[in-house]
Amino acid sequence: MKPTKLNHAHPIEMEARYIEEVRKMTPQQRFEKLMAIIEISYLLKTAKKISK
């Protein structure tokens, strides 16, 4: 696979790159990434909505 400068590519290529990246991670790194995603999801869910 060619390295890209931006994080934009065809969805199939992006999925393959993501899977390759996850396989290189240790279980601890995977857990930390999951917890970060959960934390961001919770923050977005509970964020104060701004109405104009």
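Below is a summary of the structure that appears in this document.

The rules behind each value
- Residues numbered from 1 in each chain as written.
- Predicted model: local features only at pLDDT ≥ 70, side-chain atom pairs only at ≥ 80, totals over all residues.
- Heavy atoms only, no water.
- Helix = DSSP H or I, 4+ residues; strand = E, 2+ residues; numbered from the N terminus.
- Buried < 20%, exposed > 50% of the residue type's maximum accessible area, 1.4 Å probe, protein only.
- Areas by Shrake-Rupley, 256 points an atom, 1.4 Å probe, with all protein chains shown as cover.
- Salt bridge = Lys/Arg side-chain N within 4 Å of Asp/Glu carboxyl O.
- Axes fitted to C-alpha atoms, helices over the stretch in contact; angles between N-to-C directions.
- Parallel < 35°, antiparallel > 145°, perpendicular 65-115°, else oblique.
- Contact = heavy atoms within 4.5 Å.
- Nonpolar A, V, L, I, M, F, W, Y, C, P; charged D, E, K, R; others polar.

**Section: the overall build of the chain**
From N to C terminus, the chain includes 2 helices and 0 strands. In the chain, which comprises 52 residues, the proportion classed as buried is 2%. Working note: accessible area of the chain is about 5500 Å², and carbon and sulfur atoms make up 63% of it.

**Digging into the pattern of salt bridges**
For the structure on display, the rule yields 2 salt bridges. The shortest N-O distance in the salt bridge between Lys24 and Glu20 comes to 3.5 Å. Of this pair, Lys24 and Glu20 are both found in helix 1 (residues 11–24), 4 residues apart, which corresponds to roughly one turn of the helix. The shortest N-O distance in the salt bridge between Lys33 and Glu21 comes to 3.0 Å. Here Lys33, found in helix 2 (residues 27–46), pairs with Glu21, found in helix 1; they are 12 residues apart in sequence, far enough to count as distant. According to the relative accessible area criterion, Glu21 is partly exposed, its value standing at 39%.

**Focus on the packing of helix 1 against helix 2**
At their nearest, the axes of helix 1 and helix 2 sit 8 Å apart, and the two run at 125 degrees to each other. What the angle tells us is that helix 1 and helix 2 run oblique. Across the interface between the two elements, Tyr18, Glu21, Val22, Arg23 and Lys24 of helix 1 pack against Gln29, Arg30 and Lys33 of helix 2. Among the residues forming the contact of helix 1 with helix 2, the class breakdown is 2 nonpolar, 1 polar and 5 charged.

**What about the environment of Ala9?**
With respect to the helices and strands, the residue Ala9 is situated in the segment before helix 1. Assessed through its relative accessible area of 31%, Ala9 is described here as partly exposed. Ignoring sequence-local partners within four residues, the contact set of Ala9 consists of Met14 and Arg17.

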